[in-house]
Amino acid sequence: MSQAATAYEKAISLEPDQAYAKTRLAQLKKIKQNKSKQSVTSKKSSVQPVRDHGGAYEIQMGAFQVRKNAEKMVKDLADKGYSARIFEIERSDKRV
């Protein structure tokens, strides 16, 4: 079992009405089931690489509720030689 699943199960055991943890645990279990099905039935991918047109590209590596976790991801990526940064978005109802 993954560390995330273990953490969600612990959160649920401590607070059984923890809706977020229950939802995330169910999603993790569904993902695990889908991956095991794919590994059994997977064939050679038909996805072809897209030709590079010389542009600059960015990807999002995560979305975090705890800034310290985002900072750890930036450090881990920087340690591997990648340029990384944190974007903090503020909405009227909450900070994202």
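The structure displayed is predicted, hence computed values, not measured ones. The residue count restarts for each chain, going from 1 along the sequence in the order it is written. Two thresholds apply to this predicted model, a pLDDT of at least 70 for residue-level local features and 80 or more for giving and counting side-chain atom pairs, whereas whole-chain, interface and lining totals are computed over all residues. Only hydrogens and water are set aside; all other atoms, that is, all heavy atoms of the structure, feed into the side-chain values.

**Here's the deal with the overall build of the protein**
- Scanning the protein from N- to C-terminus turns up 3 helices and 0 strands.
- Sorting the 96 residues of the protein into buried and exposed places 7% on the buried side.
- Between two residues, a contact is recorded if the distance between any of their heavy atoms is within 4.5 Å. At a minimum sequence separation of 6, the contacts of the protein that also span at least 24 residues come to 8%. Numbering goes from the N terminus for both helices and strands, where a helix is a DSSP run of H or I of at least four residues and a strand is a run of E of at least two. Buried means the residue's accessible area, taken with a 1.4 Å probe over protein chains only, is under 20% of the maximum for its type, while exposed means over 50%, and partly exposed covers the values in between.

**Some remarks on the nonpolar core**
- Ranked by size, the top nonpolar core spans 5 residues in total: Ala 5, Tyr 8, Ile 12, Ala 21 and Leu 25.
- Put simply, the parts of the chain that give this core at least two residues each are α1 (3-14) and α2 (19-41).
- Per-element tally for this core: the top contributor is α1, with 3 residues.
- Residues contacting Ala 21, with those up to four places away along its chain left out, are Tyr 8, Ala 11 and Ile 12. Note on terminology: a nonpolar core comprises buried Ala, Val, Leu, Ile, Met, Phe, Trp, Tyr and Cys residues joined through side-chain atoms within 4.5 Å.

**Examining the confidence of the model for the protein**
- The predicted model of the protein averages 78 in pLDDT, with 77% of residues at 70 or higher.
- Per-element mean pLDDT across the protein ranges from 75 in α2 up to 92 in helix α3 (residues 67-79). pLDDT measures the predictor's confidence residue by residue and takes values from 0 up to 100.

**Considering the pattern of salt bridges**
- The rule for a salt bridge is simple: a side-chain nitrogen of Lys or Arg has to be within 4 Å of a carboxyl oxygen of Asp or Glu. Tallying each qualifying case throughout the model produces 4 salt bridges.
- Here Glu 71 and Arg 67 are joined by a salt bridge, their closest N and O atoms 3.0 Å apart. Here Glu 71 pairs with Arg 67, and both are found in helix α3, just 4 residues apart, close to one helical turn.
- Glu 71 sits in the partly exposed class, given a relative accessible area of 39%.
- Given the relative accessible area of 46%, Arg 67 is considered partly exposed.
- We note a salt bridge from Asp 76 to Lys 72, for which the minimum N-O separation is 2.9 Å. Here Lys 72 and Asp 76 lie together in helix α3, a separation of 4 residues that amounts to about one turn.

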